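In case you want the letters, here they are:
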4 protein chains.
Amino acid sequence: MSHNSFGHLFRVTTFGESHGVALGCVVDGCPPNLALEACDIQRDLDRRKPGQSRFTTQRREADEVKILSGVFHDERTDGQRTTGAPIALVIENTDQRSKDYGDIRDRYRPGHADFTYDAKYGIRDYRGGGRSSARETAARVAAGAIARKVIAGVTIRAALVQMGPHKIERANWDWQQVDANPFFTPDAAAAAKFEEYLDGVRKAGSSCGAVIEVVASGVPAGWGAPIYGKLDSDLAAAMMSINAVKGVEIGEGFASAALSGEDNADEIRMKDGRPEFLTNKAGGVLGGISSGQDIVVRFAVKPTSSILTPRRSITAGGEETDVMTKGRHDPCVGIRAVPVGEAMMALVLADHFLRHRGQVG
Amino acid sequence: MSHNSFGHLFRVTTFGESHGVALGCVVDGCPPNLALEACDIQRDLDRRKPGQSRFTTQRREADEVKILSGVFHDERTDGQRTTGAPIALVIENTDQRSKDYGDIRDRYRPGHADFTYDAKYGIRDYRGGGRSSARETAARVAAGAIARKVIAGVTIRAALVQMGPHKIERANWDWQQVDANPFFTPDAAAAAKFEEYLDGVRKAGSSCGAVIEVVASGVPAGWGAPIYGKLDSDLAAAMMSINAVKGVEIGEGFASAALSGEDNADEIRMKDGRPEFLTNKAGGVLGGISSGQDIVVRFAVKPTSSILTPRRSITAGGEETDVMTKGRHDPCVGIRAVPVGEAMMALVLADHFLRHRGQVG
Amino acid sequence: MSHNSFGHLFRVTTFGESHGVALGCVVDGCPPNLALEACDIQRDLDRRKPGQSRFTTQRREADEVKILSGVFHDERTDGQRTTGAPIALVIENTDQRSKDYGDIRDRYRPGHADFTYDAKYGIRDYRGGGRSSARETAARVAAGAIARKVIAGVTIRAALVQMGPHKIERANWDWQQVDANPFFTPDAAAAAKFEEYLDGVRKAGSSCGAVIEVVASGVPAGWGAPIYGKLDSDLAAAMMSINAVKGVEIGEGFASAALSGEDNADEIRMKDGRPEFLTNKAGGVLGGISSGQDIVVRFAVKPTSSILTPRRSITAGGEETDVMTKGRHDPCVGIRAVPVGEAMMALVLADHFLRHRGQVG
Amino acid sequence: MSHNSFGHLFRVTTFGESHGVALGCVVDGCPPNLALEACDIQRDLDRRKPGQSRFTTQRREADEVKILSGVFHDERTDGQRTTGAPIALVIENTDQRSKDYGDIRDRYRPGHADFTYDAKYGIRDYRGGGRSSARETAARVAAGAIARKVIAGVTIRAALVQMGPHKIERANWDWQQVDANPFFTPDAAAAAKFEEYLDGVRKAGSSCGAVIEVVASGVPAGWGAPIYGKLDSDLAAAMMSINAVKGVEIGEGFASAALSGEDNADEIRMKDGRPEFLTNKAGGVLGGISSGQDIVVRFAVKPTSSILTPRRSITAGGEETDVMTKGRHDPCVGIRAVPVGEAMMALVLADHFLRHRGQVG
């Protein structure tokens with residue numbers, strides 16, 4: 001048991017604070033002989049990196065990853081490969097400006113973990129949220145890039161499908177669009193709307209939430225497990241562990257509660273000698289095990305708690321005060337949660353692939 | 001790692017199939033010296049028991065629990081106490097009628113785990129769903145009754161807040177009502193509506209979904225952990241591991257995506273020398289750690305897949321066929337999920353209480 | 001983490017006290033489609049059963065195992081098979097005579113866990129040692145019988161190689177002898193000596209220790225893992241977890257400390273196109289990973305603490321007293337540890353087989 | 001489950017190869033508010049460092065540790081403290097000279113893990129043993145220094161009690177001597193003998209084994225757990241996981257097999273109102289739980305496999321060859337295993353302290 005580890009056979013342990021020396025992770029249990037260079041990881045990291053548009057925090061971090069262990073370039077082969085040993089990744093913190101955060105040393109920012117960390121530990125690294133900062137997710141994205149190599153036949157993509165109260169049109173869904181706008185949204189029309197909306201939010205010093213959808217294609221039937229090892233149970237834990245996430249659903253999710261048994265049934269026919277589901281209300285998971293359909297998960301991100309409008313709060317000493325958060329923040333943290341959602345999907349699937357192979361062969 | 005275990009320090013391992021000899025669980029890591037009699041567990045089990053109204057399956061199971069180990073009645077003390085050793089609980093299966101299920105031996109019921117279990121294991125106990133049957137949740141409820149003893153100061157209650165498309169009125173919420181109607185709903189007016197609605201569903205041989213809300217009061221600030229040991233992450237996994245659950249949210253949940261940062265902030269004041277939150281949008285968890293407020297979780301249950309209307313499907317041999325499920329089923333499995341949701345909340349909190357005490361003292 | 005569980009992918013959780021209702025275990029993670037009947041397990045249990053000669057406790061337990069779950073006899077196939085679901089095994093306690101133990105309720109027997117259990121838990125099931133009784137090992141033997149099915153190509157055998165101060169002659173080693181004498185010893189000449197020696201010990205109301213050697217043949221090169229997942233590290237934990245074991249060694253073990261690097265090296269040649277080690281000082285494990293040679297482990301069992309000669313001790317209340325243990329006991333618990341050692345070897349290897357398959361395929 | 005992690009609540013994950021960029025570890029689950037500076041760790045590391053006498057490898061590594069995370073110096077308090085977040089430690093590899101090892105790229109050194117790593121992974125970082133190098137133990141020593149802070153009332157010391165065939169005189173035991181000679185031995189007379197003996201071994205290009213004894217004083221009664229969580233079981237796993245260790249024993253260990261029950265009993269009297277054991281045959285652990293006496297563990301280290309005398313072996317391609325290992329090696333790796341044994345004892349005890357506190361309070 002480890003509060004900072006995720007997964008069982010493909011196991012990731014992350015470390016590091018927002019304004020500490022460095023952050024990173026150790027990936028243990030990776031299969032050997034997978035080609036892996038730092039640039040494979042950097043590619044995913046760069047999608048999550050702050051400061052890429054005016055809609056994400058202007059904090060500038062190079063987020064350059066270094067592989068410390070677990071890979072080896074045998075001079076007799078091409079390129080670097082995993083060896084089966086633990087892979088340690090480190091990202092140094094370069095832009096720390098910790099003075100920005102000095103004034104929240106003693107005050108609990110509403111919606112932040114300041115109060116609860118103090119209640120639990122009696123000590124708190126208050127510089128930029130410390131360990132509770134979303135900066136920790138860089139380590140997840142790095143580990144996720146390795147996980148993708150483990151499940152090479154699986155394609156994982158995510159998209160922002162709701163920003164504040166505004167939802168996309170599903171009819172407009174085009175995966176190509178996702179990397180063509182600063183919101184990772186698959187609906188070009190929505191992107192235009194989001195831009196205007198989020199500019200307003202940003203200028204008001206306010207913030208808004210979002211809903212992200214993550215889809216994994218190419219997962220064979222049979223991954224996952226019954227009861228507490230359910231694929232959807234692990235996906236729920238994975239997504240809910242991302243900062244600011246308050247809800248997770250799979251397939252029809254909460255909407256399925258309002259359906260009849262008839263409407264909710266994913267009927268099956270044979271096609272080209274193989275089973276074909278006619279719908280995917282289940283989101284690709286039945287009884288905790290993948291059905292071979294796309295695995296579809298959505299999660300809700302609450303609005304960033306760091307806003308310019310003062311909110312009532314208290315100090316660590318128990319005095320009433322008002323708190324407003326200056327500094328550089330994402331008006332919609334949901335945007336940068338898109339690559340994080342992909343990474344968490346990859347981590348869950350890589351782990352379940354190995355677990356399945358362990359038990360069943 | 002164990003697919004059939006839940007929790008870390010307070011750890012429950014369940015076993016048993018719907019139509020096997022018996023089902024049960026082993027609870028490991030329970031603190032010693034807690035008073036525990038079988039009747040303490042039976043009370044919770046009886047709330048989950050089938051056949052208590054016309055709205056739950058008519059399968060009749062005594063669901064009588066037997067404690068095999070882990071308790072001891074020292075003749076010098078009053079009553080039986082836990083010893084710190086593993087507590088094994090067994091519930092024998094008495095009403096099996098496995099003939100009812102013979103016709104689904106070769107056919108995959110849409111929405112059930114028949115197809116995926118076969119895809120994974122190449123063998124399946126097809127009698128009543130075998131291991132994938134909701135009957136496994138009896139073991140969870142039994143374990144949950146022990147968990148409640150571990151966190152004696154915490155009150156855990158759950159209620160059905162939506163049946164099919166019909167939601168309760170929050171203004172009508174009255175915890176007293178929950179045990180006064182066959183739906184575990186806190187809104188007496190809704191109960192009357194649900195009765196009529198569900199009678200229609202049942203007579204049509206159809207089924208419907210539900211949403212359940214679970215509330216834990218009296219949890220002190222500081223339980224839980226950052227990152228992958230988040231209290232809400234474990235709650236999400238716990239609820240999503242219940243049969244037929246397709247979504248989980250905490251506090252405002254999915255609705256928080258549409259709120260502004262200002263509206264979502266739970267402001268804090270001092271009252272009688274202690275911090276008091278003015279709202280509970282966060283559902284009692286900040287940064288994965290309890291804030292001292294009520295912990296509020298909701299989960300969505302899909303409609304029972306077992307319905308009388310034939311659905312298109314295939315056989316294990318790959319031939320197209322139609323499937324309808326005779327036998328005795330719950331038209332709304334969400335009802336009996338209410339005590340299961342309470343149990344899972346208790347399991348998560350008992351585990352986190354011990355984990356917190358381990359690290360912080 | 002679970003104090004009463006062993007293994008990771010092939011995971012066994014045991015429960016039950018010496019004089020409680022029943023004892024047993026849950027085996028989780030077993031591969032599906034292995035033929036498994038209760039009699040496969042009973043065979044191993046019967047070897048461990050007490051009362052089979054005058055050299056083991058006269059307590060009479062049927063030790064009849066019942067499989068509660070995790071197996072299924074599909075009417076279209078021959079016999080019962082594992083399904084991949086958890087296998088629960090139960091053995092009822094039939095011969096309890098708890099009165100024999102009443103007088104040790106308040107006194108700490110030297111060498112027993114009475115004192116430490118009380119120090120830890122503040123409560124103790126004092127009937128026959130409760131959870132600390134060697135009776136728990138019946139559950140291990142039962143689980144081990146299933147583990148053997150998982151690693152069908154591997155042969156696991158154990159033998160008693162030292163009783164009290166008397167060692168066997170290695171030149172006399174004959175595996176056939178092991179089941180031909182009541183001591184599980186492979187040296188017929190030693191068996192005769194042991195008989196006389198142990199009769200003397202028994203009549204004196206005394207007890208003696210033993211050393212057991214466990215050998216696994218047919219393990220392919222590559223099982224195990226570096227660092228903390230070393231095969232020998234897990235074997236050491238496994239053997240040391242058996243009641244009364246005080247030492248574990250692999251291959252040359254403690255004797256290797258006195259060897260030179262030259263003498264300790266297992267040289268390698270090619271034979272029939274395959275590597276062949278010329279010696280096996282390493283005991284079949286290099287760097288924590290199996291080399292393809294026999295895996296050889298030895299463990300030392302201390303003399304039974306229950307003896308008729310009074311020993312100085314104290315009461316739970318802190319008064320000085322003398323303790324002698326009446327009742328029925330093994331003069332040499334090491335004898336019945338032989339099948340337990342085999343079971344623990346099987347559990348470790350089955351788990352490592354699945355772990356290896358998970359990571360490497 | 002993680003092959004490169006040790007412990008449950010106080011959990012250490014190590015990474016790094018002998019000749020890679022760096023090695024280190026992540027310590028998760030550390031209690032908050034412990035004073036911790038890098039120099040606290042460096043002190044222990046320096047005792048393990050190579051090149052401190054002519055009896056250890058002449059490889060020169062600074063072994064300078066850097067703390068990347070998990071500590072915070074709040075400006076309002078004195079010095080740096082743990083925060084409860086994961087503590088990442090990194091030690092850069094500075095003296096790599098990988099050319100020394102080029103000739104063993106294709107040859108399996110007898111007694112080394114070369115053959116088994118290749119058999120398992122199909123790839124091997126052959127530079128200096130890669131992950132199988134004893135260099136990994138630097139990370140353990142670093143983590144152990146933190147563990148000592150967690151169990152501040154416990155004193156952990158280790159000593160070399162046998163070198164090759166030469167044992168110390170127990171009557172000469174003097175803890176002060178341990179740091180006064182290059183062998184960490186408590187017997188000054190033995191130190192002189194060891195010096196002469198080991199000079200001979202070294203000049204012959206040979207190697208020898210050793211036995212180390214680790215003693216923990218001040219452990220209260222009640223740490224540990226029954227069955228698979230036994231303190232001695234975890235200690236056995238811990239010590240056996242150290243490179244080149246082939247045997248572990250506790251208290252009387254293997255010698256206890258030859259004792260009578262009477263002689264092996266640790267009798268108890270009262271002294272100053274507290275229980276006092278008259279002997280410590282058990283090595284401080286009864287039934288897996290600490291008794292309050294000194295915890296005494298011994299482990300055997302085989303002779304270094306790297307020797308100058310050629311040994312018969314094969315190449316990766318299956319051709320017969322001879323192997324001798326040039327380069328800089330320890331003639332007796334057991335010497336530097338002394339601080340490693342202390343570290344492993346500290347890791348086991350810190351973990352069990354937290355586990356005990358979790359379950360029992």
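Here the structure is a predicted model, which is why all the values come from computation and not from measurement. (Residues numbered from 1 in each chain as written. Chains lettered and ligands numbered in written order. Predicted model: local features only at pLDDT ≥ 70, side-chain atom pairs only at ≥ 80, totals over all residues. Heavy atoms only, no water.)

Participant: Can you tell me about the overall build of chain A, naming the residues and giving the values?
Facilitator: When helices and strands are counted, chain A shows seven helices and 18 strands. For chain A, the C-alpha radius of gyration of 21 Å lies close to 21 Å, the compact-globule estimate for 361 residues. Along the three orthogonal principal directions, the C-alpha set of chain A runs to about 70 × 55 × 40 Å. Put simply, chain A has 361 residues, and 68% of those count as buried. Partitioning the contacts of chain A with sequence separation of at least 6, the portion at a separation of at least 24 is 70%. Accessible area of chain A: about 11,200 Å², with a carbon and sulfur share of 47%. Counting 45 positive and 46 negative side-chain charges, chain A places the averaged centre of each group 3 Å from the other. (Helix = DSSP H or I, 4+ residues; strand = E, 2+ residues; numbered from the N terminus. Rg over C-alpha atoms; globule rule 2.2 N^0.38 Å. Buried < 20%, exposed > 50% of the residue type's maximum accessible area, 1.4 Å probe, protein only. Contact = heavy atoms within 4.5 Å. Areas by Shrake-Rupley, 256 points an atom, 1.4 Å probe, with all protein chains shown as cover. Lys, Arg positive; Asp, Glu negative; His and termini not counted. Charge placed at Lys NZ, Arg CZ, Asp CG, Glu CD.)

Participant: Give a detailed account of the relation of the copies chain A and chain B, specifying residues and quantitative values.
Facilitator: The operation relating chain A to chain B is a screw motion whose rotation component is 180°, with 0.0 Å of axial translation and a residual RMSD of 0.0 Å. Taken together, the rotation angle and the small translation identify this as a two-fold axis. Here 100% of the interface residues in chain A have copies in chain B that are interface residues too; the copies meet face to matching face. (Least-squares fit on C-alpha atoms with pLDDT ≥ 70 in both.)

Participant: Would you mind going over the environment of V245(C) in detail, with residue names and values included?
Facilitator: By secondary structure assignment, the location of V245(C) is in strand β11 (residues 245-250). A relative accessible area of 2% means that V245(C) is categorised as buried. Between the C-alpha atom of V245(C) and that of V12(C), which follows or precedes it by 233 residues, the distance is 20 Å. V245(C) has contacts with M239(C), M240(C), F299(C), A300(C), V301(C) and D232(D), leaving out every residue within four places of it along the chain.

Participant: Can you explain the interface of chain D and chain C? Please cite residues and give values.
Facilitator: With 104 residues of chain D in contact, the opposing surface of chain C contributes 104 residues. Its largest share of buried area at the contact with chain C, chain D owes to K120(D), Y228(D) and K246(D), together 11% of the area lost on that side. Counting the contacts that link chain D with chain C gives six salt bridges. The residue R269(C) makes a salt bridge to E320(D) at a minimum N-O spacing of 3.3 Å. At the boundary of chain D with chain C, the tally comes to 51 residue pairs in polar contact (both at pLDDT 80 or more). With three bridges connecting them, β11(C) and strand β11 (residues 245-250) of chain D associate as antiparallel partners. Opposite V248(C), over in β11(D), you have V248(D) as the bridge partner. (Buried area = accessible area lost by both parts, 1.4 Å probe. Salt bridge = Lys/Arg side-chain N within 4 Å of Asp/Glu carboxyl O. Polar contact = N/O pair within 3.5 Å; in protein donor to acceptor, adjacent residues only side chain to side chain. Pairing = 2+ DSSP bridges.)

Participant: Got a sec to walk through the relation of the copies chain D and chain C? Specific residues and values, please.
Facilitator: After a rotation of 180° and a shift along the axis of 0.0 Å, chain D superposes on chain C with an RMSD of 0.0 Å. A share of 100% of the interface residues of chain D reappears at the interface of chain C, consistent with the copies meeting face to face through the same patch.

Participant: Describe the sheet that holds strand β2 (residues 11-15) of chain A, listing the residues and the values that go with them.
Facilitator: Residues and elements named next belong to chain A. Read across the sheet, five strands follow the order β1-β2-β3-β7-β4 without closing on themselves; strand pairing throughout is antiparallel. Each end of this open sheet is capped by a strand with a single partner; those strands are β1 (5-6) and β4 (65-67). With three bridges connecting them, β4 and strand β7 (residues 87-92) associate as antiparallel partners. Residue pairing across strands places K66 opposite V90, the latter belonging to β7. Its contacts with the sheet put helix α1 (residues 38-48) on β4 and β7, and the angle it makes with β4 is roughly 155°. (Axes fitted to C-alpha atoms, helices over the stretch in contact; angles between N-to-C directions.)

Participant: Please give an account of the interface of chain A and chain B that cites residues and values.
Facilitator: At the interface, 104 residues of chain A touch 104 residues of chain B. In total, chain A and chain B occlude about 8,400 Å² of area from one another, counting both sides; carbon and sulfur atoms represent 62% of this. It is K120(A), Y228(A) and K246(A) that lose the most area in chain A upon contact with chain B, and together they represent 11% of the buried surface on that side. At the boundary of chain A and chain B, one finds six salt bridges. Notably, a salt bridge pairs R312(B) with E267(A), separated by 3.0 Å at the nearest N-O pair. The tally of links from chain A across to chain B stands at 51 residue pairs in polar contact (both at pLDDT 80 or more).

Participant: Kindly report on the sheet that holds strand β3 (residues 22-28) of chain B, identifying the contributing residues and their values.
Facilitator: All names here are of chain B. If you walk across this open sheet you meet the five strands as β1-β2-β3-β7-β4, and the pairing is antiparallel. Two strands lie at the open edges of the sheet, namely β1 (5-6) and β4 (65-67), each paired on one side alone. With six bridges connecting them, β3 and strand β7 (residues 87-92) associate as antiparallel partners. Residue V27 lies in a different strand from β7, and its bridge partner there is I87.

Participant: Run through the packing of helix α7 (residues 337-360) of chain B against helix α7 (residues 337-360) of chain D, naming residues and quoting values.
Facilitator: Across the interface, α7(B) lies against α7(D) with an axial gap of 7 Å and an inter-helix angle of 135°. In terms of orientation, α7(B) lies oblique with respect to α7(D). In this structure, α7(B) crosses over α7(D), and the sense of that crossing is right-handed. For the pair formed by α7(B) and α7(D), the contact residues are L354(B), R357(B), G358(B), Q359(B) and V360(B) on the first element and L354(D), R357(D), G358(D), Q359(D) and V360(D) on the second. Considering only residue class, the contact of α7(B) with α7(D) consists of four nonpolar, four polar and two charged. (Parallel < 35°, antiparallel > 145°, perpendicular 65-115°, else oblique. Left-handed = near helix turned anticlockwise from the far one by under 90°. Nonpolar A, V, L, I, M, F, W, Y, C, P; charged D, E, K, R; others polar.)

Participant: Tell me about the pattern of salt bridges, and please be specific about residues and values.
Facilitator: Side chains carrying opposite charge are able to pair once their charged atoms draw close together. Residues and elements named next belong to chain B. A complete count under the given rule lists 108 salt bridges over all chains for this structure. Across the pair R336 and D330 runs a salt bridge, and its minimum N-O distance is 2.7 Å. Each member of the pair, R336 as well as D330, is classed as buried. For D351, the salt bridge identified is with R355, shortest N-O distance 3.1 Å. Separated by four residues within a single helix, D351 and R355 lie in helix α7, roughly one turn from each other. Residue D351 is classed as buried on the basis of its relative accessible area of 3%.

Participant: Describe the side chain of T185(B), naming the residues involved and giving the relevant values.
Facilitator: Residue and element names in this part refer to chain B. Mapped onto the fold, T185 is located in the loop between β9 (166-167) and α4 (188-203). A distance of 2.8 Å separates the side chain of T185 from the backbone oxygen of L160, its partner in a polar contact. With sequence-adjacent residues up to four places away left out, T185 is seen in contact with L160, I168, Q177, V178, A191 and F194.

Participant: Lay out helix α1 (residues 38-48) of chain C with the relevant residues and their values.
Facilitator: Regarding α1(C), the residues found buried are D40(C), I41(C), Q42(C), D44(C), L45(C) and R48(C). Residues of α1(C) that are buried sit in contact with β4 (65-67), β7 (87-92), α3 (137-150) and α7 (337-360) of chain C.

Participant: Could you give me a rundown of unusual backbone geometry, with the residues and numbers involved?
Facilitator: Positive phi values are uncommon outside glycine, yet D272(A) reaches one of about 50°. If you trace the backbone, D272(A) turns up in the loop between β12 (268-271) and β13 (274-277). For D272(A), a relative accessible area of 73% gives the class exposed. Unlike most non-glycine residues, I227(D) shows phi in positive territory, near 60°. Relative to the assigned elements, I227(D) resides in the loop between β10 (210-217) and α5 (231-240).

Participant: Explain the packing of aromatic side chains to me, and be specific about the residues and the numbers.
Facilitator: Here the distance between the centres and the angle between the planes together describe a pair of aromatic rings. Within this structure, the stated rule accounts for 34 aromatic pairs over all chains. Judged by centre distance (5.4 Å) and plane angle (80°), the ring pair of Y108(C) and F115(C) falls under edge-to-face. Each of the two residues, Y108(C) as well as F115(C), counts as buried. Here the aromatic rings of Y228(C) and F6(D) are separated by 5.6 Å at their centres, their planes lie at 50°, and the arrangement is tilted. (Phe/Tyr/Trp six-rings, centres within 6.5 Å; stacked < 30°, edge-to-face > 60°.)

Participant: Mind laying out the confidence of the model for chain A, listing which residues take part and the relevant values?
Facilitator: Averaged over chain A, the pLDDT score is 93; the fraction of residues at 70 or greater is 97%. Note on the complex model: pTM 0.97, ipTM 0.96. (pLDDT = per-residue confidence, 0-100.)

Participant: How would you sum up the environment of M240(C)? Please name residues and give values.
Facilitator: If you trace the backbone, M240(C) turns up in helix α5 (residues 231-240). M240(C) gets classed as buried once you look at its relative accessible area, which sits at 1%. Excluding residues within four positions of it along the chain, M240(C) makes contact with V245(C), K246(C), G247(C), V248(C), K230(D), D232(D), S233(D), A236(D), V248(D), E249(D) and I250(D).

Participant: Which residues make up helix α2 (residues 114-121) of chain C, and what values do they have?
Facilitator: Three- or four-residue spacings in an α-helix give side chains the same orientation, since the helix completes a turn every 3.6 residues. Of all eight residues making up α2(C), six are buried, and the element is well covered by its neighbours. D114(C), F115(C), T116(C), Y117(C), K120(C) and Y121(C) are the residues of α2(C) that are buried. In this structure, the buried residues of α2(C) make contact with β13 (274-277), β14 (285-286), β15 (289-290) and α7 of chain D. With its phi angle positive at about 70°, G122(C) sits one or two positions after the end of α2(C).

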